[in-house]
Amino acid sequence: MGCQRTLAAGRTALLLAGLLVALWHRCAASCPERDLEDREEEANIVLTGTVDEIINMDPVHNTYSCKVRVWRYLKGKTNVNREILLDGGNKLMIGGFGNPGICDNQVATGDTRIFFLNPAPEAMGPEHKNELMLNSSLMRITLRNLEDVEHCVEGKQPVFL
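Keep in mind that what you see is a predicted model, and the values were worked out from it rather than measured. (Residues numbered from 1 in each chain as written. Predicted model: local features only at pLDDT ≥ 70, side-chain atom pairs only at ≥ 80, totals over all residues. Heavy atoms only, no water.)

**Observations concerning the overall build of the protein chain**
Here's step 1: Scanning the protein chain from N- to C-terminus turns up three helices and six strands.
Here's step 2: The helix and strand sequence of the protein chain, counted from the amino end, reads α-α-β-β-β-β-β-β-α.
Here's step 3: Within the protein chain, buried positions represent 35% of all 161 residues.
Here's step 4: If you take every contact in the protein chain between residues at least 6 apart in sequence, the share linking residues at least 24 apart comes to 64%.
Here's step 5: Entry remark: accessible area of the protein chain is about 10,400 Å², with carbon and sulfur atoms responsible for 56%. (Helix = DSSP H or I, 4+ residues; strand = E, 2+ residues; numbered from the N terminus. Buried < 20%, exposed > 50% of the residue type's maximum accessible area, 1.4 Å probe, protein only. Contact = heavy atoms within 4.5 Å. Areas by Shrake-Rupley, 256 points an atom, 1.4 Å probe, with all protein chains shown as cover.)

**Focus: the side chain of lysine 91**
Here's step 1: Here lysine 91 is to be found in strand β3 (residues 91–97).
Here's step 2: Of note is the side chain of lysine 91, whose polar atom sits 2.9 Å from the side chain of aspartate 52.
Here's step 3: Not counting residues within four places of it along the chain, the set of residues in contact with lysine 91 comprises Asp52, Lys67, Val68, Arg69, Ile84, Leu85 and Leu86. (Polar contact = N/O pair within 3.5 Å; in protein donor to acceptor, adjacent residues only side chain to side chain.)

**A short note on the pairing of strand β1 (residues 45–58)**
Here's step 1: Examined bridge by bridge, β1 and strand β4 (residues 112–119) share six bridges and lie antiparallel to one another. Directly across from threonine 50, in β4, lies its bridge partner threonine 112.
Here's step 2: Pairing of β1 with strand β2 (residues 63–75) involves ten bridges; the strand directions are antiparallel. Bridging across to β2, valine 46 finds its partner in lysine 75. (Pairing = 2+ DSSP bridges.)

**Section: the pairing of β2**
Here's step 1: Count of turn residues in the β1/β2 antiparallel hairpin: four residues, of which asparagine 62 carries a positive phi of about 55°.
Here's step 2: Relative to β3, β2 runs antiparallel, the two being bridged by five bridges. The residue of β3 that forms the bridge with cysteine 66 is isoleucine 94.

**Observations concerning the environment of valine 70**
Here's step 1: Assignment of secondary structure puts valine 70 in strand β2.
Here's step 2: For valine 70, a relative accessible area of 11% gives the class buried.
Here's step 3: Separated by 22 residues in the primary sequence, valine 70 and leucine 92 place their C-alpha atoms 7.2 Å from one another.
Here's step 4: What valine 70 contacts, discounting residues up to four positions off in sequence, is Leu47, Thr48, Gly49, Asn90 and Leu92.

**Description of the side chain of arginine 39**
Here's step 1: Assignment of secondary structure puts arginine 39 in helix α2 (residues 36–42).
Here's step 2: Arginine 39 gets classed as buried once you look at its relative accessible area, which sits at 6%.
Here's step 3: In this structure, arginine 39 is in contact with Glu33, Arg34, Phe116, Asn135, Ser136, Ser137, Leu138 and Met139, ignoring residues within four places of it in sequence.

Everything listed here is a matter of coordinates, which is why it stays silent on function.
What follows is the structure, encoded as structure tokens:
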């Protein structure tokens, strides 16, 4: 009798694992990412930075903003004026995290990423006046990702080793 229970539990676990894999594939496919070239072209500002603080959580829309320490501008540094800069000029307020229209947009304090940004639209109201908004998914900092983004910004074809 114990053997039958073990067998049934094993089948249940296998079925559950199969369902989880199918659900994961479906979720991954439900959020197709645009080409890097398109994402870079649509963004006015591309930079690398580290999330210092998560603030302005909107419980209705499940979105939030973050204060991000900028490490390097890859594109659009001239679009960042003094009004946008915070804490001595090396931090920015970035909104749009949690936006369901952007695939990979969840962060935690201390995460370092490549950000594709645009100024917040005026329609968002005066509280977002000096805020930048995510334009597309975040990218992890890897040598390959940095080289790919730099090549897009410079208009060169990426070199694959």
